[in-house]
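# Topology and contacts: notes
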Amino acid sequence: MTQDLARIRAFVQVFEAGGFSAAARQYGRSKALLSKYVTDLEDGLGVRLMNRTTRKLSLTEAGEAYYREVRTILAQLDELDASISERSSEPRGLLRVSAGRNFGETSLMPAILSFLAKYPQVTVDLRLEDRFVDLVDEGFDVALRITSMSDSSLIARRIAGLRVMLCASPGLVAARGAPRTPDDLRTLPCIVDTNYQSQANWRFTENGKTISIHVEGPLRVNSPLAAQTAALAGLGFALLPSFLAEPLVAEGRLVAVLEGSVPGGQSLQAVYPHRRHLAGKVRALIDHLVEWFATHPVG
């Protein structure tokens, strides 16, 4: 098997380098050995893979088909080797992470500090902004997102469950009354956080069923912290992540309403591009976050 891989790798190296001499210089192997490996491969397959002349090297039709397949196989083997090596060694290097600003500044930072203390050879470049970054185009290793579903072109691992709370200021509740049913929100001012997938169509549970209520109000904003500020100012009712709302409810600065009707379903997810084998530093971070939030609930 090892000999077969050496022959296949020699074939790929020779073609990609543009010839036997160039491959010998590039990979530090003798031209004669590369030629022998390619000839042995062709003899074993019973087909010519390369057309060789003194001036030019090209693939036959069979060679082109073979090259397309074995190049992918070799890349997967190399990736697997790298992954196994990373698992057996200390995670190291730069790790680029994206997360929402409010969540990152409140709940995530302690977890990141703990991770860095555990893995001192890793450097984290943490970008906090309230948008869904393009992981591949912008070069991120992983994004931490609060969502109920993930992009089909990405892989997601659930880190922790999250809750949202419907809140308003005590003054607004005294003036307009607390909603007794979700339907009452249709006539009450509401603050819409456009980060939520459903935006102004808020979902609730009623009699065991999920219902959608369209709400309106004086403010639409793409920041849960800004929505919280508006709720504190008495501008309207707001759906807020529990990690922001709970301390203010405990202090009496906000009032939670319809607590039995606000559904869960959202979660903190680690999202990363499709890769057959996950880099060791990314795996280490995700595993650490799962352990961290198991004992430090987000909400």
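That block above? That's the structure.
What counts, and where the lines are drawn
- Residues numbered from 1 in each chain as written.
- Predicted model: local features only at pLDDT ≥ 70, side-chain atom pairs only at ≥ 80, totals over all residues.
- Heavy atoms only, no water.
- Salt bridge = Lys/Arg side-chain N within 4 Å of Asp/Glu carboxyl O.
- Helix = DSSP H or I, 4+ residues; strand = E, 2+ residues; numbered from the N terminus.
- Buried < 20%, exposed > 50% of the residue type's maximum accessible area, 1.4 Å probe, protein only.
- Pairing = 2+ DSSP bridges.
- Axes fitted to C-alpha atoms, helices over the stretch in contact; angles between N-to-C directions.
- Contact = heavy atoms within 4.5 Å.
- Phe/Tyr/Trp six-rings, centres within 6.5 Å; stacked < 30°, edge-to-face > 60°.
- Core = buried A, V, L, I, M, F, W, Y, C linked by side-chain atoms within 4.5 Å.
- Arc of directions from axis to C-beta.

Attention now moves to the pattern of salt bridges. If charged atoms from side chains of opposite charge come close, those side chains can pair. Within this structure, the stated rule accounts for 12 salt bridges. Notably, a salt bridge pairs Arg96 with Asp125, separated by 3.4 Å at the nearest N-O pair. Taken as a pair, Arg96 in strand β3 (residues 93–99) and Asp125 in strand β4 (residues 122–128) lie far apart in primary sequence, 29 residues in all. Among the residues examined, Arg96 registers a relative accessible area of 17% and is labelled buried. With a shortest N-O distance of 2.2 Å, Arg163 and Glu246 are connected by a salt bridge. Placement of the pair is Arg163 in the loop between β6 (154–161) and β7 (164–168) and Glu246 in helix α9 (residues 242–251), with a sequence separation of 83 residues. With relative accessibility at 35%, the residue Glu246 sits in the partly exposed group. Three or more residues joined by partner-sharing salt bridges are found here, namely Asp4, Arg7, Lys36 and Asp40.

Before going further, it helps to examine the sheet that holds strand β5 (residues 142–147). Overall, mixed pairing links the five strands, which are arranged β4-β3-β5-β14-β6 in an open sheet. Whereas interior strands pair on both sides, the edge strands pair on one side only; in this sheet they are β4 and β6. When the angles between neighbouring strand axes are averaged without regard to direction, this sheet yields 25°. Bridge count between β3 and β5: three bridges; the pairing is parallel. Across the sheet, residue Ala99 finds its bridge partner in β5, namely Leu144. On top of the sheet, helix α5 (residues 101–118) reaches β3, β4, β5 and β14 (267–273); it is set at about 175° to β4, its chief contact.

A word on the packing of aromatic side chains. Tallied over the entire structure, the rule returns five aromatic pairs. Judged by centre distance (6.1 Å) and plane angle (35°), the ring pair of Phe103 and Phe293 falls under tilted. With Phe103 in helix α5 and Phe293 in helix α10 (residues 280–295), this residue pair connects regions lying 190 residues apart in the sequence. We classify Phe103 as buried; its relative accessible area is 3%. On the basis of relative accessible area, Phe293 is assigned to the buried category, the value being 5%. These aromatic residues form a ring-pair network of at least three members: Phe103, Phe243 and Phe293.

Turning next to the nonpolar core. Judged by nonpolar contacts, the single largest core of 31 residues is most densely connected at Phe115, Leu144, Ile159, Leu285, Leu289 and Phe293. Counting residues per element, the ones that place at least two in this core are β3, α5, β4, β5, β6, α9, β14 and α10. Considering every element that reaches this core, the biggest residue donor is α10, with seven residues. Among all residues touching Ile159, those that are not within four sequence positions of it are Leu268, Gln269, Ala270, Ile286, Leu289, Val290 and Phe293.

Quick look at helix α8 (residues 224–232) now. Pro224, Ala227, Gln228, Ala230 and Ala231 are the residues of α8 that are buried. Buried residues of α8 fall within an arc of 160° about the axis and therefore sit on the same side. Buried residues along α8 sit in contact with α5, β7, β8 (189–193), β11 (216–221), β12 (237–241) and α9. The positive-phi residue at the C-terminal boundary of α8 is Gly234, with phi of around 85°.

Mapped onto the elements of the fold, Ser169 is located in the loop between β7 and α7 (170–176). Ser169 has contacts with Ala231, Leu232, Gly234, Arg253 and Leu254, leaving out every residue within four places of it along the chain.

Moving on: α9. Looking at α9, one finds that the buried residues are Ser242, Phe243, Leu244, Ala245 and Leu248. The inward-facing, buried residues of α9 abut α5, β5, β7, α8 and β12.

Quick look at the sheet that holds β12 now. Spatial strand order, β11-β8-β12-β7-β13: five strands in an open sheet with mixed pairing. Both outer strands of the open sheet, β11 and β13 (255–257), are each paired with one neighbouring strand and no more. Averaged over all neighbouring strand pairs, the angle between strand axes comes to 40°, with direction disregarded. In this sheet, β13 lies alongside β7 in antiparallel orientation, the contact comprising three bridges. Considered in β13, the bridge of Ala168 is made with Val255. Sitting on the sheet, α8 is in contact with β7, β8, β11 and β12, with an inclination near 140° to β12.

These results come straight from atomic positions and should not be treated as a statement about function.
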